Amino acid sequence: MSTELSDLERIKAESRHLRGTLAEGLRDPVTNAISEDDNKLLKFHGSYLQDDRDLRDERRRQKLEPAYAFMLRARLPSGVLTPAQWLVFDRLAREYANGTLRITTRQTFQWHGIIKRHLKPTIAAIHEALATTIAACGDVVRNVVSTPNPVESEAHAQAYQWATYLSEELSPKTRAYHEIWLDGEPLVDEPKQEEPLYGTTYLPRKFKIGLAIPPLNDIDVFAQDLGLIAIIEAGELKGFNVAVGGGMGATHGDGSTYPRLASVMGFVTPDRVLAVAEAAVAVQRDWGNRSERKHARLKYTIDKHGLAAFKAEVEKRLGFALSPERAFHFDHNGDRYGWVEGSDGRWHLTLQIESGRLADVGERRWLTGLRELANVHQGDFRLTCNQNVIIANVAVDQRAHIDAIVAAHGLDGYRTDSGIRRHAVACVALPTCGLAMAESERYLPAILPKLEALLESHGLRDAPILLRLSGCPNGCSRPYLGEIALVGRGPGRYDLRLGADFRGQRLNRSYRENVDEAAILEALAPLFAGYAAERLQGEYFGDFLVRSGVIADQAKPVVDEVAA
Ligand code: SRM
Ligand code: SF4
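What you see is a predicted model, and the numbers here were worked out from it, not measured in a lab.

Moving on: the pairing of strand β21 (residues 493–498). β21 sits mainly inside the fold: five of its six residues count as buried. By the bridge criterion, six bridges tie strand β20 (residues 484–490) to β21 in an arrangement that is antiparallel. From the neighbouring strand, A485 faces β21, where its bridge partner is R497. Taken together, β20 and the strand that follows it, β21, pair antiparallel across an intervening segment of two residues, in which G492 is found at a positive phi of about 75 degrees. Summarising the sheet, β21 and strand β22 (residues 509–515) pair through four bridges and their orientation is antiparallel. What sits directly across from L496, in β22, is R512.

Mapped onto the elements, Q537 comes out in the loop between α16 (517–534) and α17 (541–547). We classify Q537 as exposed; its relative accessible area is 83%. When the C-alpha atoms of Q537 and I209 are compared, they prove to be 35 Å apart, with 328 residues separating the residues in sequence.

Moving on to the coordination of the iron atom of ligand 1. Within the protein, just one atom coordinates the iron atom of ligand 1: C476 (SG), at a distance of 2.3 Å. Following the sequence through the fold, C476 ends up in the loop between β19 (467–470) and β20.

This next bit is on the packing of helix α7 (residues 154–169) against helix α9 (residues 273–287). Close contact between α7 and α9 brings their axes to 11 Å; oriented N to C, the two are set at 40 degrees. Relative to α9, α7 is oriented oblique. As for how α7 packs across α9, the hand of that crossing is right-handed. Residues W162, Y165, L166 and E169 of α7 lie in contact with α9, whose contacting residues are V273, L274 and A277.

A word on the packing of aromatic side chains. This structure, assessed with the given rule, holds 17 aromatic pairs. Measuring from ring centre to ring centre gives 5.4 Å for F528 and F541, while their planes differ by 55 degrees; the resulting arrangement is tilted. Linking F528 in helix α16 with F541 in helix α17, this pair joins segments that are 13 residues apart in sequence. There is no split in this pair, since F528 and F541 are both buried. A cation sits over an aromatic face here: R399 above W347, 4.3 Å from the ring centre. Between the NZ or CZ atom of R535 and the centre of the ring of Y531, over which it lies, the distance is 5.1 Å.

Conventions we followed
- Residues numbered from 1 in each chain as written.
- Chains lettered and ligands numbered in written order.
- Predicted model: local features only at pLDDT ≥ 70, side-chain atom pairs only at ≥ 80, totals over all residues.
- Heavy atoms only, no water.
- Buried < 20%, exposed > 50% of the residue type's maximum accessible area, 1.4 Å probe, protein only.
- Helix = DSSP H or I, 4+ residues; strand = E, 2+ residues; numbered from the N terminus.
- Pairing = 2+ DSSP bridges.
- Donors = N, O, S within 2.8 Å, 3.2 Å for Na, K, Ca; no water.
- Axes fitted to C-alpha atoms, helices over the stretch in contact; angles between N-to-C directions.
- Parallel < 35°, antiparallel > 145°, perpendicular 65-115°, else oblique.
- Left-handed = near helix turned anticlockwise from the far one by under 90°.
- Contact = heavy atoms within 4.5 Å.
- Phe/Tyr/Trp six-rings, centres within 6.5 Å; stacked < 30°, edge-to-face > 60°.
- Lys NZ or Arg CZ within 6 Å of the ring centre and 35° of its normal.

Listed below in structure tokens is the structure:
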């Protein structure tokens, strides 16, 4: 195995804390692209250079440069934003991007199709709206996600504040972002302490943190590098169970890469949670694989050294031991649609958005509808890790007005949509994602009606079934946690995976490899028939598949209920 450092390590080390030649490259009028090295650094600033893959062949034939444009991702801790921010983001989508806003599976926004000269004004406008894009991508701690309806109780609000605090504390401290995007003055003295946590080479790979508040696992806490499970007793936030080493990404045909659920390694009180997160990040910084990026995530570090050794190292650096994990229980990892009342009498409306894509298409005018809502809404918005939106903190006398706007723009599908549609998540894939092997977001509207028809024929229209589509095995829709998942292999071909649970605590397994739509439907038909005829009261589809032996349950168990 090579121990030579990957090229990205050189790029980071030479970048002077993420500056590289980005400023110059952005000014270069000869090309719509930037250099390879700068593109790698750009990720740390929240953006990727992409090209429109629908146009790739045609442009090659015409001997033209690919249709380059940038994807930009905001860093929105816990997915919370104000109506004023919404209006800015919406304007940027129409003025500088492709006229759509995309809610991601990590509860933030992406803009696609921004041309080079518009990147800087877009980032500057996001900054003016008091948001940022720093560290939305790159080898750093990403946007910290958390259960997005944290105003249900005082303890929920506190948990949300911890998530936001972690996100801020763990974000990079380099001034490069200000210098490049906001015309901040370069620091005269090249800083020695610009990145106290990250140093000059940052982390070996991305690092994701998420905080879940049981019984909702709506962020998929076991898919995080560092998952925090809030322990609330008698309405009081006692602390967090700490789970490490979750991750989804894999490579077809390479058994040394795999999805893994995070392992719970202890409990920590809130006042120590930042220290624990910093220590876990620091151990991964020092122990993670910097030669082979495929093996650089924390999950591989932990599997290489063992959970006990990793935990011991974290505790050594902390100078104290973690307490034993506390009991917890998750009900499900989906969203709760419709209106929910918070403990303070404010109301929250969750709308279901297909693939999180806010666009005006036919009768469903998501972009316009949400803009209208942002114009009148006095609370805030919360994006969810299932790519949905919550109109949060609504006074009771505002509900009817909000409902009217929702209905007028055709956004009330959540009331009548089938169970599988309400629980479907699809990653972006084509045409913007450079790694996509098959369609995902654009395939969902085609496959859903066929699955619905099949389910309906067995009286299962309302059965809540988690469907996850990804255009490749990187797993951006967290497909390995889908009761049914399609993972792209090639144009029109997918691996069909089955049997995850409804709580994000059991991975699914491969059922058919490299199959087309006809084979997918053919494989599912008898399983739906069996489920309709033989399921137990309240039994979910994935659990049924495991109980009936269709899928062997070899997934690593995740500690669920520990004796209190
Ligand atoms: Fe992802 C890379 C989109 C959540 C695992 N992901 C990409 C890129 C940037 C492609 C690239 O590297 O060139 C995709 C951009 C597509 C586009 O055109 O917009 C992309 N990932 C997304 C989003 C937008 C999917 C979505 O439909 O919502 C999600 C953005 C989240 C955010 O706001 O930060 C997104 N990606 C995820 C998740 C889910 C999660 O974190 O909960 C995962 C699985 C969890 C994990 O990280 O293990 C995920 N994305 C990956 C990987 C595989 C990483 C690995 O360890 O192997 C890649 C590829 C890579 O990093 O090399 C990737
Ligand atoms: Fe792209 Fe693959 Fe992620 Fe889908 S899963 S967005 S195809 S990298």
